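Spelled out from the first residue to the last, the chains are:
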Amino acid sequence: MAHIVVVGAGIGGFSVAYELQAELEGGHEVTLVNPVPAFQFTPSNPWVALGWREPGRVQVPIAEHAARKGIRFRQGTVTGIDPAARRLDFDAGDPMNYDYLVIATGPELAFDEVPGLGPEAHSHSVCTTPHAVDAHEAYERFLKEPGPVVVGAVQGASCFGPAYEFALMLDTDLRRRRLRDKVPITFVTSEPYIGHMGLGGVGDSKGLLESELRQRHIRWVTSARVDEVAADEVRITPLDDEGEPKTPQTLPSRYTMFIPPFRGMPAWRGVEGLSNPRGFILVDDQQRNPAWQDIYATGVCIAIPPVEPTPVPTGAPKTGYMIESMNAAIVKNIAAAIDGDPVTAQATWNALCLADMGDSGFAFVAQPQIPPRNLTWSKSGKWVHWAKIAFEKYYLHKMRSGRTEPFYERYLLRLMGLVRLVGK
């Protein structure tokens, strides 16, 4: 009997635990580990921050839903690993041994790398649901005394969609409240140009997003290094194409939201052969660690090099479609390894992103995510707004029911086509 431990119960970890339990024949055991008791649907966090969703609506209790599928759940934080002994250490309780390990912890949010950054200091975040709840409480206070806003992604960030979403949805929300004229918005990003997204652009993402920001009177600063976030201002230094500093800028801000830099979780950092210097898990084409071949990884925690050099460091995002393909490969490969068969399955690493603007939205497809690509496509319209709402509803249902079908390929791509057709 094999014991497979999945560490992390986000979009990658919760899904792969379901898929492993469904794929493996009886006699094998799947244990899911997570530091908090609820799955958080991260794509909905910008809505939570603006008060458009209650936090309970975008969370799913893990223990009861995992148990229905025969998956053990242990709440706790992994503090260390001994890959030679196949053992995990925890912040509380006994160590746990595994035969196969799937790391799906996502990133550690490195707020400490920029002075004044983060919910414990002077900026807000939509990277977790609790952060989004705090951001909403601050937003309610801001509405009583509105003023300048700065939104964006700092150096080292590798997730840009939520920053664009928050800026554009904020514009929509303020217009509905008749407060937009009192709130100058500046979008600050480490990207070399608007719509780069850490992907070198996707189709006409540059023109599409520049047009939206321009139409909504949102000023932007690209190739920006954030030097410090203060209580009432943000200090930045734009860089030129050669990476040389230009004139520093000080931006007044009564409300600041930044996507922070990402790094790997402390448990994996410094483990020889397991992670890179930032703590992200090294994987081969089969999502398997080259040094420790009973360890697999999926999602934001894996090491992917930037798609191209940029004046300010930007990371490559790991989108849901990409993660789903990683999960499918991991499940097939662990099943093959248990049976003594060759491990050959590979992820497709395609990207599909839906970003809400409140009253509209934009979508892009990149196949594969890292260029050169076989397919590049980007569009905008109200149909994307409705497609993301449907996406949220279905995915939360999937997590509650334990369904294991390939959602992106089988449902979401068809849904996008249908919603777009109806929306015309």
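Since the model is a prediction, treat every value here as computed from it, not as a measurement.

Caption draft 1: Representation of the sheet that holds strand E5 (residues 72–75). The strand order across the open sheet formed by 5 strands is E5-E2-E1-E9-E19, and the pairing between neighbours is parallel. Here the strands that pair on one side only, and so sit at the sheet edges, are E5 and strand E19 (295–297). Neighbouring strand axes in the sheet, compared pairwise and without regard to direction, differ in orientation by 20° on average. In the sheet, strand E1 (residues 3–7) pairs with strand E2 (residues 29–34) via 5 bridges, with the strands oriented parallel. Pairing of valine 7 across the sheet is with valine 33, part of E2. Against the sheet, helix H1 (residues 11–23) engages E1, E2 and strand E9 (100–103), with an angle of about 170° to E2.

Caption draft 2: Structural context of a negative patch on the surface. A cluster of like negative charges, contributed by Glu23, Glu25, Asp339 and Asp341, occupies part of the molecular surface. With respect to the helices and strands, the residue aspartate 341 is situated in the loop between helix H7 (320–339) and strand E20 (351–356). Residue classification places aspartate 341 among the partly exposed residues on the basis of a relative accessible area of 43%.

Caption draft 3: The arrangement of unusual backbone geometry in detail. Each neighbour pair has its own omega, and for glutamine 367 with proline 368 the value is -5°, a cis peptide bond. Checked against the element boundaries, proline 368 lands in the loop between strand E21 (361–367) and strand E22 (375–380). Here the bond from proline 371 into proline 372 is cis, since omega is 5°, no more than 30 degrees from zero. Position of proline 372 relative to the elements: it lies in the loop between E21 and E22. With phi around 55°, arginine 86 is a residue other than glycine that occupies positive phi space. Along the chain, the position of arginine 86 falls in the loop between strand E6 (78–82) and strand E7 (87–90). On the accessibility criterion, arginine 86 (35% relative accessible area) is partly exposed. Even without a glycine there, the phi angle at serine 223 is positive, about 45°. By the element assignment, serine 223 lies in the loop between strand E13 (218–221) and strand E14 (224–229). For serine 223, a relative accessible area of 5% puts it in the buried group.

What counts, and at which threshold
- What you see as residue numbers is a count from 1 along each chain, following the sequence as written.
- Local features in this predicted model are restricted to residues of pLDDT 70 or higher, and side-chain atom pairs are both shown and tallied only at a pLDDT of 80 or more, whereas totals for entire chains, interfaces and linings draw on every residue.
- Here the side-chain values reflect all heavy atoms present in the structure, with hydrogen atoms and water set aside.
- Between any two strands, pairing holds if DSSP finds at least two bridges.
- Helical segments are the DSSP runs of H or I of at least four residues, strand segments are the runs of E of at least two, and each set is numbered from the N terminus.
- In this description, a line fitted to the C-alpha atoms serves as the axis of each element, helices being fitted only across the stretch in contact, and the angle between N-to-C directions of two axes falls anywhere from 0 to 180 degrees.
- Working rule for contacts: check all heavy atoms of both residues, and any pair within 4.5 Å makes them a contact.
- The patch calculation keeps residues exceeding 30% relative accessible area without a salt bridge and links them within 9 Å when they carry like charges or within 5 Å when they are nonpolar (Val, Leu, Ile, Met, Phe, Trp, Tyr).
- Accessible areas in this description were obtained via Shrake-Rupley with a 1.4 Å probe; residue shielding takes into account the shown protein chains only.
- One speaks of a salt bridge when a side-chain nitrogen belonging to Lys or Arg is within 4 Å of a carboxyl oxygen belonging to Asp or Glu.
- We score Asp and Glu as negative and Lys and Arg as positive, and we do not count His or the chain ends.
- In this description, the location of a charge corresponds to atom NZ of lysine, CZ of arginine, CG of aspartate or CD of glutamate.
- Each residue gets one of three labels from its accessible area relative to the maximum for its type: buried under 20%, exposed over 50%, partly exposed in between, using a 1.4 Å probe on protein chains only.

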